[in-house]
Amino acid sequence: MKLLKLVPDNTNIGFVKLRHWAFALTALLTVLAVGATFYKGLNLGVDFVGGLMIEAKFETPPQTDKVRTVIDRLGVGDGSLQQFGDPKTVQIRLPLPEQGGAGAANAIVEKARKAMTAEFPGVTFSRYDTVSGKVSGELIQNGVLAVMLAVIGIAIFSWFRYEWQFGVSTFVAIMHDVLMTLGFFAITQLEFDLNIVAAVLTIVGYSINDKMVIDDRIRENMRKYRKMDMKSLIDLSVNETLPRTVMTSVTVLLALGALLLLGGHVLRGFTAAMMLGIIVGTYSSVYVSSSLLISLGLSPATAEKKASKVNIAAQAERMGPRDDGARP
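Residues numbered from 1 in each chain as written. Predicted model: local features only at pLDDT ≥ 70, side-chain atom pairs only at ≥ 80, totals over all residues. Heavy atoms only, no water.

## What about helix 8 (residues 230-262)?
- Taking 1.5 Å of rise per residue, 33 residues should cover 48 Å, and helix 8 covers 46 Å from first to last C-alpha, within 8% of that figure.
- Along helix 8, the helix axis deviates most sharply at Leu242, where the bend reaches about 45°; the proline Pro243 sits within four residues downstream.
- The opening residue of helix 8, the one whose side-chain oxygen lies 3.2 Å from the backbone nitrogen of Lys231, is Asp229. (Helix = DSSP H or I, 4+ residues; strand = E, 2+ residues; numbered from the N terminus. Expected span 1.5 Å × (residues − 1). Bend = angle between axes of the 7 residues up to and from the residue. Polar contact = N/O pair within 3.5 Å; in protein donor to acceptor, adjacent residues only side chain to side chain.)

Listed below in C-alpha cells is the structure:
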C-alpha cells in the first residue's frame, strides 16, 4: 500500500528567490492589519470593557431596532446590540449598576428576560457574564503583558540559542503573526475576549515550534555545508523540513475544523484565531523568518567564527589553571 505524502520527496522549491515578494506582501498585510485595528477597533468582550453581557437566542431572526427599543425601556443605561454567530442570536451589553454587586446584576438579567419574553415569545438567554471595570482594566494590562513577554522571551532565547540574526527574524515573524490575528478580529468584529488572548499565546507557541525546527536545520546545514551559498542553504533547509511543516499544519487544521463545526459559537472565535494563526505562522516560518536571515547578513562564516570562539573558551576551561608549581 502506497503511503500518502502531502509533500513529495526531494522537493526543490526556491523559497528564497521569492523573498522580496514575500517581504512586500508581509509589510502590506501588516500595515492593513494595524490600520484596521486602529480604525475599526476590536470588538472587546465583557472581560475587557466590563459590564453585563447577555446572549439572547430567538426562534426567528429579530429586528434589531425592536430589540433595542425593549432594552432602552429597561432604564438601566445605554445598551449596545450585536448579531452574534447567527441571525437568531443577539449579544446585549449593559452597564453594571454602581451598587448592589451580583444581586443587582441578576435583577437586571431577570428584568431583561421578562421584557424580552413579553415582546419575543420563545426567546432564551443562553448565557450572561459580568465583569467590573477595575477587573477588566487589569485583564487588559495582563493580557498585553503576557503576549509581549512571550514574544520577547522567545526572541531572546533564539538570540542566545543561535545567533542574533535568528532572534531578530523570530521576533519579526511572531509579531507579524500576532498583528495578523488582531487585524482579522478588527475586520470581522468577532468578540475579542480572554479566550482569544489564550489563542494568541497558543499561536505564538505553535509559530516558534515551527521556526525552531527550520532554524535548527539551517544551523545543522551551516556546519555541514560550510562552502554553500546561504541562499541555497536556506532553500535546502526549508525543503528538508517542508514535509514535517505541512503535515503538522494540516493535521492541526483538521482538528480545528472539527472544533469550528461542532464546538458551538462559544468556541468559534478561539477556533477561528487558531486556524488563522496556523496558516499565517506556517507562511511566516517558510517565507519570512528564514529568508530574513539573508537580509540580516547571516552566513556560514559568521556561525563558524562564533563556534570557534565557543570551542576555544571551552577548551581553556577544561585545561584550567596549572597547580604543579612548574614555571610557565
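Back to the write-up after that little detour.
## What about the packing of aromatic side chains?
- Under the definition given, this model contains five aromatic pairs.
- Consider the rings of Phe58 and Phe120, whose centres lie 5.1 Å apart with planes at 85°: the pair is edge-to-face. Residue Phe58 is located in the loop between strand 2 (51-57) and helix 3 (64-72), and its partner Phe120 is located in the loop between helix 4 (101-119) and strand 5 (124-131); the two are separated by 62 residues in the primary sequence. Grouping residues by exposure puts Phe58 and Phe120 together as buried.
- Centre to centre, the rings of Phe184 and Phe185 are 5.4 Å apart; their planes meet at 90°, and the pair counts as edge-to-face.
- You can call Phe184 partly exposed: its relative accessible area is 25%.
- Here the aromatic cluster, defined as three or more aromatic residues joined through ring pairs, consists of Phe15, Tyr283 and Tyr287. (Phe/Tyr/Trp six-rings, centres within 6.5 Å; stacked < 30°, edge-to-face > 60°. Buried < 20%, exposed > 50% of the residue type's maximum accessible area, 1.4 Å probe, protein only.)

## As for the side chain of Thr282
- Inspection of the secondary structure assignment puts Thr282 in helix 9 (residues 268-295).
- Leaving out residues up to four positions away in the same chain, Thr282 has contacts with Tyr206, Asp210, Thr245 and Ser249. (Contact = heavy atoms within 4.5 Å.)

## Looking at the pairing of strand 2
- Burial within strand 2 is extensive, with six of its seven residues counted as buried.
- Relative to strand 4 (residues 86-94), strand 2 runs antiparallel, the two sharing six bridges. Note that in strand 4 the partner of Leu52 across the bridge is Leu94. (Pairing = 2+ DSSP bridges.)

## Notes on the environment of Thr26
- On the secondary structure map, Thr26 appears in helix 1 (residues 19-39).
- Judged by relative accessible area, Thr26 falls into the buried class, the value being 9%.
- Once the C-alpha coordinates of Thr26 and Asp177 are considered, the two residues, 151 residues apart in sequence, prove to be 9.9 Å apart.
- Beyond its immediate sequence surroundings of up to four residues, Thr26 is in contact with His176, Tyr283 and Val288.
- Engagement of the side chain of Thr26 in a polar contact is seen with the backbone oxygen of Ala22, the distance being 2.7 Å.

## Quick word on the UniProt feature "transmembrane region" (unreviewed entry) in the protein chain
- According to UniProt, the "transmembrane region" (unreviewed entry) feature falls on residues 21-39, 139-160, 167-188, 194-214, 246-267 and 273-298.
- Secondary structure over residues 21-39 splits into 100% helix and 0% strand, and the C-alpha atoms at its two ends are 27 Å apart.
- Counting secondary structure, residues 167-188 comes out at 100% helix and 0% strand; the distance between its end C-alpha atoms is 32 Å. (UniProt positions renumbered as here; feature names shortened; annotations may be inferred.)

## Focus on the pattern of salt bridges
- Scanning the entire structure with this criterion turns up six salt bridges.
- Ionic pairing is found between Glu110 and Arg113, a salt bridge with its closest N-O pair at 3.3 Å. Residue Glu110 and its partner Arg113 are both found in helix 4; the two are separated by three residues, about one turn of the helix.
- Through salt bridges with shared partners, a single network forms among Arg217, Glu220, Lys224 and Glu240. (Salt bridge = Lys/Arg side-chain N within 4 Å of Asp/Glu carboxyl O.)

## Focus: the nonpolar core
- Of all hydrophobic cores here, the largest spans 37 residues; its most connected members are Ile174, Ile218, Met230 and Ile234.
- Setting aside residues no more than four positions away along its own chain, Ile218 makes contact with Phe166, Met230, Leu233, Ile234, Ser237, Ser290 and Leu293.
- By size, the runner-up hydrophobic cluster in this structure holds 19 residues, among which are Leu52, Leu81, Ala112 and Phe125. (Core = buried A, V, L, I, M, F, W, Y, C linked by side-chain atoms within 4.5 Å.)

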